[in-house]
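The lines below spell out each chain.
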2 protein chains.
Amino acid sequence: MDLERLLTRGVAETIVKEELSRKISSGQPLRLKQGFDPTRPDIHLGHAVGLRKLRQFQNLGHQVILIVGDWTAQIGDPSGQSATRRMLSAEEVRANAQAYLQQFFKIVDCQRTEVRWQSEWYDKFGLADVIKLTSKFTVAQMLVREDFAKRYAAGSPIAITELLYPLLQAYDSVAIRAEVEFGGIDQKFNILAGRELQRLVGQEPQQVVLVPLLVGTDGVNAMSQSRGNYIGITEPADQMYGKVMSLPDHVMMDYFEWVTDVPDEELAEMKEALLKDKVNPRDIKMRLAREIVSQFHSYEAALEAEEEFKRVFQQRQLPSEMPTLYLDRARYGVDAVPITTVMLETGLVKSRSEAKRMIVQGGVRLDGRLIMEEGQLVVIENGAILRVGKRRFVRLAFKD
Amino acid sequence: MDLERLLTRGVAETIVKEELSRKISSGQPLRLKQGFDPTRPDIHLGHAVGLRKLRQFQNLGHQVILIVGDWTAQIGDPSGQSATRRMLSAEEVRANAQAYLQQFFKIVDCQRTEVRWQSEWYDKFGLADVIKLTSKFTVAQMLVREDFAKRYAAGSPIAITELLYPLLQAYDSVAIRAEVEFGGIDQKFNILAGRELQRLVGQEPQQVVLVPLLVGTDGVNAMSQSRGNYIGITEPADQMYGKVMSLPDHVMMDYFEWVTDVPDEELAEMKEALLKDKVNPRDIKMRLAREIVSQFHSYEAALEAEEEFKRVFQQRQLPSEMPTLYLDRARYGVDAVPITTVMLETGLVKSRSEAKRMIVQGGVRLDGRLIMEEGQLVVIENGAILRVGKRRFVRLAFKD
């Protein structure tokens, strides 16, 4: 991969690009900072965009310094959040961190990684240090951050602690003398605070590589654990395959570009073919699913998952095994009941709002009939099959 | 002094009055918190209002806990300030604190005072403590404080450190388990934060005694060192006497009520006499000056100062000693020069803006002629006397 593509494929923004290019070209190994807050242990494909980029830098001889945010995790980064997060206990944080590290090294080379816990410097951080740090930034500087600004304007509470978050993240860069910091584009504010702080204390400001936010399985929002629209890198092969196949067509090429190593030339050909309708998008997507499953499992696992997927979904067959749910005939088999109530009863959805969302998205069928209305009333036939989304089925039967 | 007057004379507000009355009546000695930031060492009459109140409580058997704000002084309380203060060094803070304590015990009984330095708890205050403390308050809660709100709205920088100030002051109350906190009415926000924090950590919220802000010698603004409109309790007797005499009539009675022990009945008579024009306000003010000088020096010193004052000012005589300033004739004795330039040259004023203010207030005379215009041009006669305010004189002479 040439330098230009290293700094553009799967990259949203670099600051300052010329300077960073010069440093890479010099051949000196750079100290690449990647932070993570062990608030949740799972790594998903959205994270993989940045971690794969780190790996590419490692392959050029650079050194990753992974910051385990065991202190910031206790605060909880409010970036992009609309509310104050619950604070985690030190024990939760440690357990999450261990689980995370295992997954992290599925992508990043552990030989060229230095793991540093924030506790190294924050365990002995005193009030004088806090005063020194907080004196370097103003309230207004923090409140321009989009999420803070919105919450402040809306009158939602912002704990003073939350203003400390970007400062602590910034100080991490000072503590490890970071030369480049990696992060999602939503981390731009915090990472730039790091540059600013390094400048203020007389260090050379770090370069910045910001990766784009991968859209999740809903095709709309950035992939995130709290939204539930994610594909975890440790999910079973068939589930991972199925989730990739459930992606809307329009996000496919981003996945190819950011999460696979398929060469640019091939990507260009695919785009061309798609544009000219010379190919079925489904076939392209199957390639994507194979690439991704191969990466996190194996090529064999990918092929197996593909076979199962084809059998179940493409041939519109029902899965060989389907659970049967026994309902009370008096309640469901006589009068019409709201479809959402049935969906909840089966456990195929977890909430009424999820049920409604699935209906709106056209993902609910009762005995093959598409359910069109959120409030639709239905009478259940014995043996009817309820399908929610592409992969959730249940046979409905009466007890008597 | 009865309980009612204890809680009203020289008091702006008590929170919660009924509860505080009940506690005092119970006869149990209370822990009275008084904090001070050793940013400047001098105590003036404005401070004396609260310190005299503390002494009255001590006389009833209550215990004063004086918090030396050696940590908060390093931040600088922005209350009522329009800009971020310069941070003081630990050495400056210690030196100021020592000077302050000496003056403090001229009013407050050292036998019933426990002196506690914030460093007792803040030297070992870690990041975890900071996080715990800052999580209890929101940014919006702080920004409603009038001075913060104004500065924020005006786009003036507020260092994040400054938001920590009220929190640290609040935590002091928790650290010493304060039962009553004393402070100026401008401290209301911070002191209520103390109540709130005590409640949040499960302590009984402190009662609050807020004293009014004494107007300074300019008759307009609250007395403060930074404004220069203050009467320090260690100033020489004649200077103190003269400054009291320079007070505008309308603030006299507040001084009597808040800074002297003259009984309420006598105060009522004075007011009555003033109202019906049965007395010369000057005579009342001389009584005030005597009361105040007696309190901080001695009755004899007060009488002496009064004699000198009468001689110099009331008989419109010039002081027996007057400095002579030798000017360059070529510059001041030939062409007319701005009066403000002459004033600055003599050192009777410290800045051009002070010179202008004195002129506007009708306080500047050259050889007895009142200077009416800020921009007035004058030609200096050899031996002319320049007077600024009531007590600053200089004889102007030429070198040749």
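Values in this document were obtained by computation on a predicted structure and should not be read as measured data.

A. Structural detail: the overall build of chain A. Of regular secondary structure, chain A possesses 19 helices and 13 strands. In terms of its C-alpha atoms, chain A occupies a principal-axis envelope of roughly 75 × 50 × 35 Å. Burial analysis of chain A (400 residues in total) assigns 50% to the buried set. Pairs at least 24 apart in sequence give 70% of the contacts found in chain A among residues at least 6 apart. For chain A, the accessible area works out to roughly 18,400 Å², and carbon and sulfur atoms hold 48% of it. If the 53 positive side-chain charges of chain A are averaged to one point and the 55 negative ones to another, these points end up 2 Å apart.

B. Up close: the packing of aromatic side chains. Across all of its chains, the model carries 19 aromatic pairs over all chains by this definition. A ring pair is formed by B:Phe57 and B:Phe182, whose centres lie 5.1 Å apart and whose planes are at 85°; its orientation type is edge-to-face. With a gap of 125 residues between them, B:Phe57 in helix 3 (residues 45-59) and B:Phe182 in strand 5 (residues 180-184) connect regions that are remote in the sequence. For the pair formed by B:Phe57 and B:Phe182, the shared burial category is buried. Summarising the aromatic geometry, the rings of B:Phe104 and B:Phe105 are spaced 5.3 Å apart at their centres and angled 80° between planes, so their arrangement reads as edge-to-face. With relative accessibility at 0%, the residue B:Phe104 sits in the buried group. A network of ring pairs unites the aromatic residues A:Phe36, A:Tyr100, A:Phe104 and A:Phe105 as a single cluster. Between the NZ or CZ atom of A:Arg145 and the centre of the ring of A:Phe148, over which it lies, the distance is 4.2 Å. The ring of B:Tyr230 has B:Lys243 lying over it, and the distance from NZ or CZ to the ring centre is 5.2 Å.

C. Here's a closer look at the relation of the copies chain A and chain B. The transform that puts chain A on chain B rotates by 180° and translates by 0.2 Å along the axis, for an RMSD of 0.4 Å. Both copies are brought into coincidence by an operation consistent with a two-fold rotation axis. Scanning chain A for the C-alpha nearest the rotation axis identifies A:Gly126, at a separation of 2.6 Å. Both copies contact each other with a shared surface, as 100% of the interface residues of chain A are interface residues in chain B too.

D. Expanded view of the confidence of the model for chain A. All names here are of chain A. Considering every residue of chain A, the mean pLDDT works out to 88; 95% of them sit at 70 or more. Within chain A, the element-level pLDDT minimum falls on helix 4 (residues 72-75), averaging 78, and the maximum on strand 6 (residues 207-211), averaging 96. Predicted confidence for residues 79-84 stays below pLDDT 50, and this span has 14 contacts to residues more than four positions away or in other chains. As a predicted assembly, this complex carries a pTM of 0.72 together with an ipTM value of 0.71.

E. Geometry of the packing of helix 12 (residues 237-245) of chain A against helix 15 (residues 281-296) of chain A. Residue and element names in this part refer to chain A. Close contact between helix 12 and helix 15 brings their axes to 9 Å; oriented N to C, the two are set at 145°. For the crossing formed where helix 12 meets helix 15, the hand is right-handed. Listed contacts from helix 15 to Ala237, Met240, Tyr241, Val244 and Met245 of helix 12 are Arg282, Lys285, Met286, Leu288, Ala289, Arg290, Ile292, Val293 and Phe296. When grouped by side-chain class, the residues that make up the contact of helix 12 with helix 15 number 11 nonpolar, no polar and three charged.

F. Structural view of the interface of chain A and chain B. Taken together, the contact between chain A and chain B spans 28 residues of the former and 28 residues of the latter. Across the chain A to chain B interface the summed buried area is about 2,500 Å²; carbon plus sulfur atoms make up 83%. Where chain A touches chain B, the interface holds 12 residue pairs in polar contact (both at pLDDT 80 or more). Sorting the residues of the side of chain A that touches chain B by element identifies helix 7 (127-134), helix 8 (139-143) and helix 10 (160-176) of chain A as the ones contributing at least two each. The element that contributes the greatest number of residues to the side of chain A that touches chain B is helix 10 of chain A, accounting for six residues.

G. Inspection of the side chain of A:Asp109 at higher detail. Residue and element names in this part refer to chain A. Mapped onto the elements of the fold, Asp109 is located in the loop between helix 5 (90-104) and strand 4 (113-117). Of the side chains with opposite charge, Arg112 lies nearest to the buried Asp109, which makes no salt bridge, at 4.5 Å. Ignoring any residue separated from it by four or fewer positions in sequence, one finds Asp109 in contact with Arg55 and Gln58.

H. View of the sheet that holds strand 7 (residues 324-327) of chain A. Residue and element names in this part refer to chain A. Read across the sheet, five strands follow the order 7-13-12-9-10 without closing on themselves; strand pairing throughout is mixed. A strand with exactly one partner marks an edge of an open sheet, and here the two such strands are strand 7 and strand 10 (369-370). Of the pairings in the sheet, the one linking strand 9 (residues 364-366) to strand 10 comprises two bridges and is antiparallel in character. Bridging from a neighbouring strand, Leu366 pairs with Arg369 of strand 10. Along the sheet, helix 18 (residues 339-346) makes contact with strand 7, strand 9, strand 12 (385-388) and strand 13 (392-398), crossing strand 12 at roughly 85°.

Conventions used here
- Residues numbered from 1 in each chain as written.
- Chains lettered and ligands numbered in written order.
- Predicted model: local features only at pLDDT ≥ 70, side-chain atom pairs only at ≥ 80, totals over all residues.
- Heavy atoms only, no water.
- Helix = DSSP H or I, 4+ residues; strand = E, 2+ residues; numbered from the N terminus.
- Buried < 20%, exposed > 50% of the residue type's maximum accessible area, 1.4 Å probe, protein only.
- Contact = heavy atoms within 4.5 Å.
- Areas by Shrake-Rupley, 256 points an atom, 1.4 Å probe, with all protein chains shown as cover.
- Lys, Arg positive; Asp, Glu negative; His and termini not counted.
- Charge placed at Lys NZ, Arg CZ, Asp CG, Glu CD.
- Phe/Tyr/Trp six-rings, centres within 6.5 Å; stacked < 30°, edge-to-face > 60°.
- Lys NZ or Arg CZ within 6 Å of the ring centre and 35° of its normal.
- Least-squares fit on C-alpha atoms with pLDDT ≥ 70 in both.
- pLDDT = per-residue confidence, 0-100.
- Axes fitted to C-alpha atoms, helices over the stretch in contact; angles between N-to-C directions.
- Left-handed = near helix turned anticlockwise from the far one by under 90°.
- Nonpolar A, V, L, I, M, F, W, Y, C, P; charged D, E, K, R; others polar.
- Buried area = accessible area lost by both parts, 1.4 Å probe.
- Polar contact = N/O pair within 3.5 Å; in protein donor to acceptor, adjacent residues only side chain to side chain.
- Salt bridge = Lys/Arg side-chain N within 4 Å of Asp/Glu carboxyl O.
- Pairing = 2+ DSSP bridges.

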